[in-house]
Amino acid sequence: MDFFRRKVAPTSEGPKVTRSTVKKVTKKAKPKNVAVKVIEIVNADPESYFWVNNGNVLKNLHDLQDALVAMNDEQFDFHTKRDGNDFAKWVADIFGEMELASKLSKSKTKKSTLIVLNKYIG
């Protein structure tokens, strides 16, 4: 395999080229016809509202988004560290958004939870 280390002799066609100066060019495959999931934001029934430990009442996923921005870490931990993730349970049980609920249950911080929610609902 010595031929990989040999320099190519210069020609009148161009500059001297060595193995180290040649870059491999690859094209990234662009996804075609990627389906974008659009979810309808609906309010939960009044008996299914989410009661945050600070007194706020959440009716839908936008309310959850706003509440996460406003809540402190202690409030977030109260709903995610005791008996599992209350937000994920609410999303799964009330809205039936199992994919979102799964991602929320894996989020361990308020910031990562917000990122998951923002990506999912915009």
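These lines cover the structure that appears in this document, whether it is placed above or below. (Residues numbered from 1 in each chain as written. Predicted model: local features only at pLDDT ≥ 70, side-chain atom pairs only at ≥ 80, totals over all residues. Heavy atoms only, no water.)

Taken as a whole, this structure holds four aromatic pairs when the rule is applied. For the ring pair Phe76 and Phe87, a centre distance of 6.2 Å and an interplane angle of 25° mean the geometry is stacked. Of the two residues, Phe76 sits in helix α2 (residues 73-80) while Phe87 sits in helix α3 (residues 86-95), which places them eleven residues apart along the sequence. Grouping residues by exposure puts Phe76 and Phe87 together as buried. Through a chain of ring-to-ring contacts, three or more aromatic side chains come together here, namely Phe50, Phe76, Phe87, Trp90 and Phe95. (Phe/Tyr/Trp six-rings, centres within 6.5 Å; stacked < 30°, edge-to-face > 60°. Helix = DSSP H or I, 4+ residues; strand = E, 2+ residues; numbered from the N terminus. Buried < 20%, exposed > 50% of the residue type's maximum accessible area, 1.4 Å probe, protein only.)

Moving on, we come to the pattern of salt bridges. Within this structure, the stated rule accounts for four salt bridges. Two residues, Asp77 and Lys81, come together in a salt bridge whose shortest N-O distance is 3.7 Å. Taking the shortest distance from any N to any O, the salt bridge between Asp86 and Arg82 comes out at 3.1 Å. Judged by its relative accessible area of 16%, Asp86 is buried. Here Arg82 falls in the partly exposed class, since its relative accessible area comes to 43%. Within the structure, one salt-bridge network assembled from shared partners comprises Arg82, Asp83 and Asp86. (Salt bridge = Lys/Arg side-chain N within 4 Å of Asp/Glu carboxyl O.)

The contact between helix α4 (residues 98-106) and helix α5 (residues 110-121) brings their axes to 9 Å, and the two run at 160°. Between α4 and α5, the crossing angle belongs to the class labelled roughly antiparallel. Crossing angle aside, the handedness with which α4 passes α5 is right-handed. Residues Glu99, Leu100, Lys103 and Leu104 of α4 pack against Thr113, Val116, Leu117 and Tyr120 of α5. Among the residues making up the contact of α4 with α5, the classes are represented as five nonpolar, one polar and two charged. (Axes fitted to C-alpha atoms, helices over the stretch in contact; angles between N-to-C directions. Parallel < 35°, antiparallel > 145°, perpendicular 65-115°, else oblique. Left-handed = near helix turned anticlockwise from the far one by under 90°. Contact = heavy atoms within 4.5 Å. Nonpolar A, V, L, I, M, F, W, Y, C, P; charged D, E, K, R; others polar.)

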